[in-house]
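Architecture and fold: a report
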Amino acid sequence: MYLYIEMWNVTTKWMKLGHEERRKLMEDMRGRIKNMKASGVENLGWARNDEHTPYRSDYRYMTVWKMPSVSEVEVLESNLKNVGWYEYFSQANSRGRLISQDEAIDFLIDIEESSTSLT
C-alpha cells in the first residue's frame, strides 16, 4: 500500500478562469478518479489547511490517498498532468509505502547520519 499526499494553492491563472472552465477541469479529474477507484484507490478526504495549525505548511488545500501500489500513484500523477492541474495550482506532493508505526519509529531510532539527508 502507498500513501500519497497532495498540498496546493490556487494560482492567478486559476482565478482568471470562469466558473464553467473550472467546473470542466474538475469534472474531468472527477471522472479519472472514479476510474481509479475500480483498481482499489481510496481518497481518504480533502481539507483546507486550518490557519491555527502549529508548524503549518504554506499550502491552503490538501488531499490524502491510499493506493494499492506505486503503479496507481503514477496513474494519479499522470492524470493530474493530463488535465492541466499543475497549470492552475502550485503544488507539493509526498508519497511512500505505507509502514507501521513500529517500523517508522524503529527506523527513526536506528537512522544514521550517512543513510539519509538531514534537515
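Our structure is the block above this text.
Heads up: these notes are all about the structure in this document. Since the model is a prediction, treat every value here as computed from it, not as a measurement.

Overview of the environment of Arg30
- Among the secondary structure elements, Arg30 is positioned in helix α2 (residues 19-37).
- You can call Arg30 exposed: its relative accessible area is 54%.
- Each C-alpha atom of the pair Arg30 and Glu113 lies 43 Å from the other, and the pair is 83 residues apart in sequence.

Topic: a negative patch on the surface
- A surface patch of like charges, here negative, comprises Asp102, Asp106, Asp110 and Glu112.
- Within the secondary structure layout, Asp106 lies in helix α5 (residues 101-110).
- Accessibility expressed as a relative area gives 44% for Asp106, which makes it partly exposed.

Quick look at the sheet that holds strand β4 (residues 89-97)
- Sheet architecture is open: four strands sit in the order β2-β3-β1-β4, paired in antiparallel fashion. Since the sheet does not close on itself, it has two edges, and those belong to β2 (42-48) and β4, each with one partner. Taking each pair of neighbouring strands and ignoring which way they run, the sheet shows an average axis angle of 15°.
- Across the face of the sheet, helix α3 (residues 70-83) comes into contact with β1 (2-10), β3 (61-67) and β4 while running at roughly 20° to β1.

A word on the nonpolar core
- Ranked by internal contacts, the top residues of the largest apolar core, which has 18 residues, are Trp65, Met67, Leu76 and Trp85.
- Among the elements of the structure, β1, α2, β3, α3 and α4 (85-88) are those that each provide at least two residues to this core.
- Excluding residues within four positions of it along the chain, Trp85 makes contact with Glu6, Trp8, Leu25, Met26, Trp46, Leu80 and Gln91.

A word on α2
- An ideal rise of 1.5 Å per residue puts 27 Å on 19 residues; α2 measures up with 27 Å between its terminal C-alpha atoms.
- Of all the positions in α2, only Arg22, Leu25, Met29, Ile33 and Met36 are classed as buried. Looking straight down α2, one finds its buried side chains confined to an arc of 75°; they lie on one side. Projecting away from the buried face of α2 at angles above 90 degrees are the exposed residues His19, Glu20, Lys24, Arg30, Lys34 and Asn35.

Here we look at the packing of α2 against α3
- Their axes nearest at 10 Å, the elements α2 and α3 cross at an angle of 165°. Judged by the angle between their axes, α2 and α3 are roughly antiparallel. In the crossing of α2 with α3, the sense of the turn from one axis to the other is right-handed. Between α2, through Leu25, Asp28, Met29, Arg32 and Met36, and α3, the contact on the second element is made entirely by Glu72, Val75, Leu76, Asn79, Leu80, Asn82 and Val83.
- In terms of residue class, the contact of α2 with α3 is built from seven nonpolar, two polar and three charged.

Comments concerning the packing of aromatic side chains
- Scanning the model with the defined rule gives seven aromatic pairs in all.
- For the ring pair Trp8 and Trp46, a centre distance of 5.4 Å and an interplane angle of 85° mean the geometry is edge-to-face. With Trp8 in strand β1 and Trp46 in strand β2, the pair connects residues that are 38 residues apart, well separated along the chain.
- By relative accessible area, which is 4% here, Trp8 ends up buried.
- On the basis of relative accessible area, Trp46 is assigned to the partly exposed category, the value being 49%.

Criteria and thresholds
- Each chain carries its own residue numbering, running from 1 in the direction its sequence is written.
- Totals for whole chains, interfaces and linings use every residue, but because this is a predicted model, local features are given only for residues with pLDDT of at least 70 and side-chain atom pairs only at 80 or more, for both listing and counting.
- Heavy atoms throughout the structure, all of them, feed into the side-chain values; hydrogens and water do not.
- Strands are runs of DSSP state E lasting at least two residues, helices are runs of H or I lasting at least four, and both sets are numbered from the N terminus onward.
- The buried label goes to any residue with under 20% of its type's maximum accessible area, the exposed label to any with over 50%, and the partly exposed label to all in between, with areas taken from a 1.4 Å probe on protein chains only.
- A residue counts toward a patch only above 30% relative accessible area and without a salt bridge, and it is joined to like-charged neighbours within 9 Å or, for Val, Leu, Ile, Met, Phe, Trp and Tyr, to nonpolar neighbours within 5 Å.
- Note on areas: these come from Shrake-Rupley sampling with a 1.4 Å probe, and a residue is covered only by the protein chains present in the view.
- Every case where a carboxyl oxygen of Asp or Glu lies within 4 Å of a side-chain nitrogen of Lys or Arg is listed as a salt bridge.
- In this tally, Lys and Arg are treated as positive and Asp and Glu as negative; His is ignored, and so are the chain termini.
- Charge positions come from single atoms, namely NZ of Lys, CZ of Arg, CG of Asp or CD of Glu.
- In this description, strands pair whenever DSSP reports at least two bridges between them.
- Note on method: axes are straight lines fitted to C-alpha atoms, helices fitted across the in-contact stretch only, with angles between N-to-C directions ranging 0 to 180 degrees.
- When checking whether two residues touch, look at their non-hydrogen atoms; a contact exists if any pair is within 4.5 Å.
- Residues belong to a common nonpolar core when they are buried Ala, Val, Leu, Ile, Met, Phe, Trp, Tyr or Cys residues joined through side-chain atoms within 4.5 Å.
- Every helix has an expected span of 1.5 Å times one less than the residues it contains.
- To be clear, the arc concerns the directions from the helix axis to the C-beta atoms.
- Angles are sorted into four bins: roughly parallel if under 35 degrees, roughly antiparallel if over 145, roughly perpendicular if 65 to 115, and oblique for all others.
- For a crossing to be left-handed, the near helix must be turned anticlockwise from the far one by less than a right angle; the clockwise case is right-handed.
- Residue polarity follows a fixed list, in which Ala, Val, Leu, Ile, Met, Phe, Trp, Tyr, Cys and Pro are nonpolar, Asp, Glu, Lys and Arg are charged, and the others, Gly among them, are polar.
- Classification of ring pairs uses Phe, Tyr and Trp, with its six-membered ring standing for Trp, and accepts pairs whose centres are within 6.5 Å; under 30 degrees between planes counts as stacked, over 60 as edge-to-face, and the remaining range as tilted.

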